[in-house]
Amino acid sequence: TNVQLCAWTVPMNLVLAMLQSDGSAALTDPLRGFERSTWAVIVVNGFGGLLGAVVIKYADNILKGFATAGAIILTGVLA
């Protein structure tokens, strides 16, 4: 599952964060430097994932294809 795959990346990313900074800053303030635009991207991607899950649960594959195409076009227009 995704959780099992993600579990391998957490220790590697912690080591990488410690090596790239002074060590303590990576653990005390890991979100330092995030701007509003960064949070907007995170929220939009999270909402898109939840919306995709709802579409997969309640719609068939053809409708899912149309929804994905619409999302790509809408993202291009808004960007």
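Thresholds applied
Residues numbered from 1 in each chain as written. Predicted model: local features only at pLDDT ≥ 70, side-chain atom pairs only at ≥ 80, totals over all residues. Heavy atoms only, no water. Helix = DSSP H or I, 4+ residues; strand = E, 2+ residues; numbered from the N terminus. Rg over C-alpha atoms; globule rule 2.2 N^0.38 Å. Buried < 20%, exposed > 50% of the residue type's maximum accessible area, 1.4 Å probe, protein only. 1 Å grid on protein atoms, 1.4 Å probe; cavity = no way out; pocket = protein on both sides within 12 Å on 5 of 7 lines; lining within 4 Å. Points joined across faces, edges and corners; volume = space filled by probe spheres on them. Nonpolar A, V, L, I, M, F, W, Y, C, P; charged D, E, K, R; others polar. Contact = heavy atoms within 4.5 Å. Patch = residues over 30% accessible without salt bridge, like charges linked within 9 Å, V, L, I, M, F, W, Y side chains within 5 Å. Areas by Shrake-Rupley, 256 points an atom, 1.4 Å probe, with all protein chains shown as cover. Salt bridge = Lys/Arg side-chain N within 4 Å of Asp/Glu carboxyl O.

Draft legend 1. How the structure looks around the overall build of the protein chain. Secondary structure summary: the protein chain contains four helices and zero strands in total. The N-to-C order of helical and strand elements in the protein chain reads α-α-α-α. The C-alpha atoms of the protein chain give a radius of gyration of 18 Å, which is well past the 12 Å a tight globule of 79 residues would have. Across its three principal directions, the C-alpha atoms of the protein chain cover 50 × 30 × 15 Å. Looking at the protein chain residue by residue over its 79 residues, the buried ones come to 5%.

Draft legend 2. Representation of the layout of surface pockets. Considered as a void within the structure, the largest pocket measures approximately 550 Å³ in volume. If you go around the largest pocket, you meet 18 residues; those closest to its centre are Gly48, Leu51, Ala67, Ala71 and Thr75. Counting only elements with at least two residues in the lining of the largest pocket, the list comes to helix H3 (36-58) and helix H4 (61-78). The element best represented in the lining of the largest pocket is H3, accounting for nine residues. In terms of residue class, the lining of the largest pocket is built from twelve nonpolar, five polar and one charged.

Draft legend 3. Highlighting the environment of Lys64. Among the secondary structure elements, Lys64 is positioned in helix H4. It is 7.9 Å that separates the C-alpha atoms of Lys64 and Gly52, two residues lying twelve residues apart in sequence. Excluding residues within four positions of it along the chain, Lys64 makes contact with Val55 and Ile56.

Draft legend 4. Geometry of a nonpolar patch on the surface. On the surface, Leu31, Phe34, Trp39 and Ile42 cluster together into a nonpolar patch covering about 360 Å² of accessible area. Residue class for Leu31 comes out partly exposed when judged on its relative accessible area of 44%.

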